[in-house]
Amino acid sequence: MQLEDHIGDILRKMQSIFNIDKRAMIAAAGLEESEWAGWIKSGTLSGEAFVRVKWVELGNLIGVQGQRLKAIAEGWQPAQVNFEDWPGLVWIQNSEKETSLKESELNFVNSYLLWSSDNQEAVLFDPGWQATKTLDFLQKNNLKLSRILLTHAHRDHVNAKPVFERLFPEVSFFDHSSFKNLSSVPPQKFGSFSIRPCLAPGHSPDHVVYRVSGFSGNPDSALIVGDCLFSGSLGFPFYSKERLLDTLRKQILCLPPNTLLCPGHGPLTTLQEELDHNPFTTNKLLKC
Ligand SMILES: [Fe+2]
């Protein structure tokens, strides 16, 4: 599946997050202003302009590896996750509109279910735009929803919340306000799983990430990372770029490399993949 951000989105975010002068970026890339504007908007350049891009110079100006930018522009994607290694974890992509002729109009968001065969109950991370696919899974597998955990309250992540609350009135609900003023929150137990919430501001002031461990036969953890990081990119720092960088350094990039990252948009990935390929992670401001 496509990455959440194309190369134009990534360059626009880098300009903002690392405070780089736009004209200097255009000059370093060796492009005309009109070519740059089109590239940032659509992520595509004509073949002739693409071969002119000075990736190394552009990367050096930003403080990232230019070859990684080029790899993303040429279609790099993370290796597909084998869900057999993560028993109980379900990835549910859902979209604002149920159907559209153009995939680009669908505006996808990721919801995740964690279910336990011990008690036939499930935890939902981010209700998302639409409840239909999640409800289908719960019904087909005879599961009862017992908890909803929110990464943050942006509309695409919470739109379907009232549907679940109506259908599962006893559901417990957790968001940033459940964890406020706690510097160290004890993990929640759910069947054989352990879920550790962690405040992670930057994309929004209320953002929480959840580290899940206890997968059968797998010593590694999964991190429900919301909109802090996308494969190949980062979430936009709508609240604070400094806080986002701090969150990434302290809560995400320092975790064990085999950690599975479950973002709010785009494909799942691992921390190792992002350390090896995500251009942002080569900037000195993101070193742990
Ligand atoms: Fe968001």
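Residues numbered from 1 in each chain as written. Predicted model: local features only at pLDDT ≥ 70, side-chain atom pairs only at ≥ 80, totals over all residues.

Engineer: Sorry, what's going on with the overall build of the protein here?
Structural biologist: Assigned secondary structure in the protein consists of 12 helices and 13 strands. Its C-alpha radius of gyration of 20 Å places the protein within 12% of the 19 Å reference for a compact globule of 288 residues. Each of the three principal axes of the protein carries a C-alpha extent, and together these read 60 × 45 × 35 Å. Of all 288 residues assigned to the protein, the portion counted as buried reaches 40%. Here the analysis covers contacts within the protein between residues at least 6 apart in sequence; of these, 63% occur between residues at least 24 apart. (Helix = DSSP H or I, 4+ residues; strand = E, 2+ residues; numbered from the N terminus. Rg over C-alpha atoms; globule rule 2.2 N^0.38 Å. Buried ≥ 20, exposed ≤ 12 C-beta atoms within 10 Å, placed from the backbone. Contact = placed C-beta atoms within 7 Å.)

Engineer: Just checking my understanding: could you explain the domain arrangement of the protein for this structure?
Structural biologist: When the parts of a complex come together, some accessible area is lost, and that lost area is often taken as the interface size. The domain architecture assigned to the protein consists of domain 1 (7–73) and domain 2 (83–286). Between the C-alpha centres of domain 1 and domain 2 there is a distance of 30 Å. On the domain 2 side, the residues contacting the 13 residues of domain 1 number 12 residues. When contributions to the side of domain 1 that touches domain 2 are tallied by element, the ones reaching two or more residues are helix 1 (7–17) and helix 6 (66–73). Among the elements that line the side of domain 1 that touches domain 2, the one with the most residues is helix 1, at five residues. Grouping the constituent residues of the side of domain 1 that touches domain 2 by class yields seven nonpolar, three polar and three charged. (Domains from an automatic or database assignment. Nonpolar A, V, L, I, M, F, W, Y, C, P; charged D, E, K, R; others polar.)

Engineer: What am I meant to see in the packing of helix 1 against helix 3 (residues 33–42) here?
Structural biologist: Describing two packed helices takes the angle between their axes plus the distance from one axis to the other. Relative to each other, helix 1 and helix 3 sit at 105°, their axes nearing to 5 Å. Considering the angle they form, helix 1 stands roughly perpendicular to helix 3. Contact with helix 1, carried on its side by Gly8, Leu11 and Arg12, involves Trp39, Ile40, Lys41 and Ser42 of helix 3 and no other residues of that element. The residue makeup of the contact of helix 1 with helix 3, split by class, is three nonpolar, two polar and two charged. (Axes fitted to C-alpha atoms, helices over the stretch in contact; angles between N-to-C directions. Parallel < 35°, antiparallel > 145°, perpendicular 65-115°, else oblique.)

Engineer: Which parts of the structure should I look at to understand the environment of Leu69?
Structural biologist: When you line up the elements, Leu69 lands in helix 6. For Leu69, a count of 25 C-beta atoms within 10 Å gives the class buried. For the pair formed by Leu69 and Ile7, sequence separation is 62 residues and the distance between their alpha carbons is 7.1 Å.

Engineer: Quick question: what am I supposed to make of the nonpolar core here?
Structural biologist: Among soluble globular proteins, nonpolar side chains are generally buried collectively. Leu114, Ile224, Val225 and Cys262 are the most contacted members of the largest nonpolar core, which has 64 residues in total. Here the element with the most residues in this core is helix 1; it accounts for five residues. Contact partners of Val225, with chain neighbours within four places excluded, come to Val209, Ile252, Leu261, Cys262 and Pro263. (Core = buried A, V, L, I, M, F, W, Y, C linked by C-beta atoms within 7 Å.)

Engineer: Can you help me understand the sheet that holds strand 8 (residues 208–213) in this one?
Structural biologist: For sheets, the rule is that strands pair by backbone hydrogen bonds, running either parallel or antiparallel. Reading across from one edge, 6-7-8-9-12-13 is the order of the six strands in this open sheet, with mixed pairing throughout. Of all the strands in the sheet, just strand 6 (188–190) and strand 13 (269–270) have a single pairing partner and so form its edges. The sheet contact formed by strand 9 (residues 222–226) and strand 12 (residues 260–263) spans four bridges and is parallel. Bridge assignment links Ala222 to a residue of strand 12, and that residue is Leu260. (Pairing = 2+ DSSP bridges.)

Engineer: Looking at this structure, how should I read the environment of Phe164?
Structural biologist: One can find Phe164 in helix 9 (residues 161–167). Among the residues examined, Phe164 registers 19 C-beta atoms within 10 Å and is labelled partly exposed. Spatially, the C-alpha atom of Phe164 lies 24 Å from that of Ala222, the residues being 58 residues apart in sequence.

Engineer: Is there a simple way to think about the pairing of strand 12 in this case?
Structural biologist: Where a strand is regular, its side chains alternate between the two sheet faces. Burial along strand 12 is two-sided: the face carrying Leu260 and Cys262 and the face carrying Leu261 and Pro263 are both buried. Bridge count between strand 12 and strand 13: two bridges; the pairing is antiparallel. Looking at the pairing, Leu260 lines up with Thr270 of strand 13. Counted between consecutive antiparallel strands, the loop separating strand 12 from strand 13 contains five residues, among which Gly266 sits at a positive phi close to 80°.

Engineer: I keep staring at the environment of Pro219 and nothing clicks. Help me out?
Structural biologist: On the secondary structure map, Pro219 appears in the loop between strand 8 and strand 9. For Pro219, a count of 9 C-beta atoms within 10 Å puts it in the exposed group. When the C-alpha positions of Pro219 and Gly30 are compared, they lie 47 Å apart, and in sequence the two are 189 residues distant.

Engineer: Is there a simple way to explain the sheet that holds strand 5 (residues 172–174) in this structure?
Structural biologist: With mixed pairing, five strands are arranged side by side in an open sheet as 1-2-3-4-5. On the outer flanks of this sheet lie strand 1 (89–95) and strand 5, each paired with one strand and no other. Here the average twist between neighbouring strands, direction ignored, is 25°.

Engineer: Would you take a moment to explain the pairing of strand 8 for this structure?
Structural biologist: Where strand 7 (residues 193–199) meets strand 8, six bridges bridge the pair, whose relative direction is antiparallel. Bridging from a neighbouring strand, Arg196 pairs with Arg211 of strand 8. Bridging between strand 8 and strand 9 involves three bridges; their strand directions are antiparallel. Within the sheet, the bridge partner assigned to Val212 lies in strand 9 and is Ala222.

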